[in-house]
Amino acid sequence: MSLICVVALVPGTARADNPIVQHIYTADPAPLVHNGRVYLYTGHDEDGSTYFTMKEWRVWSSADMVNWTDHGSPLNVGTFSWASANAWAGQVIARNGKFYWYVPVTSRATNSMAIGVAVADSPTGPFRDAIGRPLVGNGEIDPTVFIDDDGQAYLYWGNPNLWYVKLNADMISYSGSATKIPLTTAGFGTRNGNASRPTLYEEGPWVYKRNGTYYNVFAAECCSEFIAYSTAPGPTGPWTYRGTIMPRQGGSFTNHAGVVDFNGGSYFFYHNGALPGGGGYTRSVAVEKFAYNSNGTFPTITMTSTGAPQVGTLNPYVRQEAETIAWGSGIETEVSSEGGMNVGWIENGDYIKVKGVAFGAGATSFTARVASAGSGGRIEVRLDNSNGPLVGTCTAPVTGGWQTWTNTTCAVSGATGTRDVFLRFAGGSGNLFNVNWWQFAGTGGGVDNNLLTNGNLESGTTGWGAIGAAAISSNTAVVHGGTGSLSVTGRTASWNGPSQDVTSKLTNGKSYTTSVWVRSQSGTPAAKATLSLTANGTTNYLQLTPATGVNANGWTQLTGTATVSWSGTLTGASFYVETAEGTDSLLVDDVSFQ
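On a predicted model such as this, the values are computed, not experimentally measured, just so you know.

Undergrad: Can you break down the pattern of salt bridges residue by residue, with the values?
TA: Tallied over the full model, the rule gives 17 salt bridges. Note that D70 and R58 form a salt bridge whose closest N and O atoms lie 3.1 Å from each other. One end of the pair, D70, is in strand β4 (residues 68–70); the other, R58, is in strand β3 (residues 54–62), and twelve residues separate them in sequence. Exposure remark for R58: the relative accessible area of 8% places this residue in the buried category. Note that E202 is salt-bridged to R191, the shortest N-O span being 2.9 Å. Placement of E202 in strand β15 (residues 201–210) and of R191 in the loop between α1 (185–188) and β15 is noted, with a sequence separation of eleven residues between them. Looking at E202, the relative accessible area reads 8%, which means it is buried. Among the residues examined, R191 registers a relative accessible area of 8% and is labelled buried. Linked through salt bridges whose partners overlap, the residues forming this network are D17, K353, K355 and D420.

Rendered as structure tokens:
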């Protein structure tokens, strides 16, 4: 039985949203802020573990700190042919348009821990082994990576020691040799009763710079661990111990921190044993919002079941992935044949909570993408809690396969303002159906804010043109959602692709969020969405999403948030989809720019 099957809550009760993932055990959080989202990289404790049984790493992301999207596992031990086991704590950093994931694994050659590095073109992967061997290895663990203001990158790691190397600009090699940072009591606090380890430093360093001060946040004095920190005037010291951030608590004898700033706030990620069946080997990642003291020191942060407050609201009038969840009960996720993940293993009474959904003047209908090789069932759309007001019920029919998808739509009444939405699933016994995505429609203020005409491609090529030599046509054979997609062929340059004019629709200085689903018709190009802006006779290009590898075997989502600004008078603006290089033919569907 998977974890989430035993996360049963009293029907009708609302609950807080920490830990932030409930359908698997997660550990060792490593957050990364990129393009208006927080990407969270974690380990995965296997169900029923009695040791650190970890075979893969997982990725999650959020634009609001409460509704987290499950991106699955883009990296596992098997990615490294030279590794045998132990997908333990790592960290991702962005540089040169790529994403580098530093992880400790057991090396087959030495049967001891070594640090590997994987690379991807997208924050959600897939990641591949960058060098085909360990980057560095001395039997110690827990790498953290940091790029200083002068461009010099540092990789730190260690238990029982603390080491660093200076990474080269390619991020997959280093200069010189590994250097041991002196663990002094002045630098890392005093541990009593252990002559071999006189300082509080245990493991799990997290190094970053803020306002000219270097911070090293670390797990202190096992067992059980608390989170402490030291500061320094430079990236390698000298370090001064500053005290406790998070005291010993939480039902796990380890802890592991990650700290980021996002959208004007500071956030502290950690893990505990708070979910049912949780403990030292079955951990769960959680997050708290905090504010630094005026002198730059940390306040004391305690674990809560409330978690961080929501940043903004969620728009129900654009397509939302079913695996975007604030709290889930009974469900699991799996890779979807239509790209991304889907929610599955749904049984009667299971539900998904989505927090802070902004209906405005009101929703009139609800559509979900469903599949069933079981008995089918119903989706009850409820507000406020899992037994709250019922505003709509959709039938999920039997489709003949768990990945044989169809849309189901039902009327909605009474969904106004900003409310928490609970999708409660009902039916007979056993697994009922899967859900891939959902979307509301509405009138009188409850409208799709998409600036693009026919973004869902359900009306052929209406609203769409081509930039450069590309030819566009409607495709009904291969779609991400609905009944149509856009076929893009005849490209003679990487920048050729489908486009729309948005000159009259933009506001100077405003941030816009982009979502595009892309699939190649051949090859494995890296696709991206771009905005061209012409003002005062000069054209500039704004990359709206990271260049992300796509293929012909499934759909890949491109997402990003960017601030659009210009000087002078805007005379032209075009949204378009292109590739980083090459001229492969593409399929494009479900495009949103808002």
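Undergrad: Which residues make up the sheet that holds strand β35 (residues 471–475), and what values go with them?
TA: As summarised here, the arrangement of the five strands in space is β35-β36-β44-β38-β42, forming an open sheet in which the pairing is antiparallel. The open sheet has two edge strands, β35 and β42 (556–564), and neither has a second partner. On average, adjacent strands in this sheet sit at an angle of 30 degrees to one another, irrespective of strand direction.

Undergrad: Break down the nonpolar core for me, citing the residues and quoting the values.
TA: One finds Y41, W101, V217, V259, F268 and F298 to be the most contacted residues of the largest nonpolar core, which totals 46 residues. Once you skip the residues sitting within four places of it in the chain, V259 turns out to touch P31, W206, Y208, V217, Y267, F268, F290, Y292 and F298. Core analysis: the next-biggest nonpolar cluster, separate from the first, contains 32 residues, I346, A368, I379 and C410 among them.

Undergrad: Give me the lowdown on the side chain of R58, citing residues and values where you can.
TA: Within the structure, R58 has its side chain in polar contact with the side chain of D70 (distance 3.1 Å). Discounting residues that sit within four places of it in the chain, R58 has contacts with I24, L40, Y41, T42, H44, D70, G72, S73, W101, T333 and M341.

Undergrad: An account of the sheet that holds strand β30 (residues 390–396) is requested, with residue identities and associated values reported.
TA: Strand order in the open sheet made by the five strands is β24-β27-β32-β29-β30, with antiparallel pairing throughout. At either margin of the open sheet sits one strand with a lone partner, and together these are β24 (327–329) and β30. Averaged over all adjacent pairs, the angle separating strand axes in this sheet is 20 degrees, with direction ignored. Two elements, strand β29 (residues 377–383) and β30, share six bridges in a ladder whose sense is antiparallel. Each bridged residue has a counterpart across the sheet, and for E380 the counterpart in β30 is T393.

Conventions used here
Residues numbered from 1 in each chain as written. Predicted model: local features only at pLDDT ≥ 70, side-chain atom pairs only at ≥ 80, totals over all residues. Heavy atoms only, no water. Salt bridge = Lys/Arg side-chain N within 4 Å of Asp/Glu carboxyl O. Helix = DSSP H or I, 4+ residues; strand = E, 2+ residues; numbered from the N terminus. Buried < 20%, exposed > 50% of the residue type's maximum accessible area, 1.4 Å probe, protein only. Pairing = 2+ DSSP bridges. Axes fitted to C-alpha atoms, helices over the stretch in contact; angles between N-to-C directions. Core = buried A, V, L, I, M, F, W, Y, C linked by side-chain atoms within 4.5 Å. Contact = heavy atoms within 4.5 Å. Polar contact = N/O pair within 3.5 Å; in protein donor to acceptor, adjacent residues only side chain to side chain.

In short, geometric facts, not functional conclusions.
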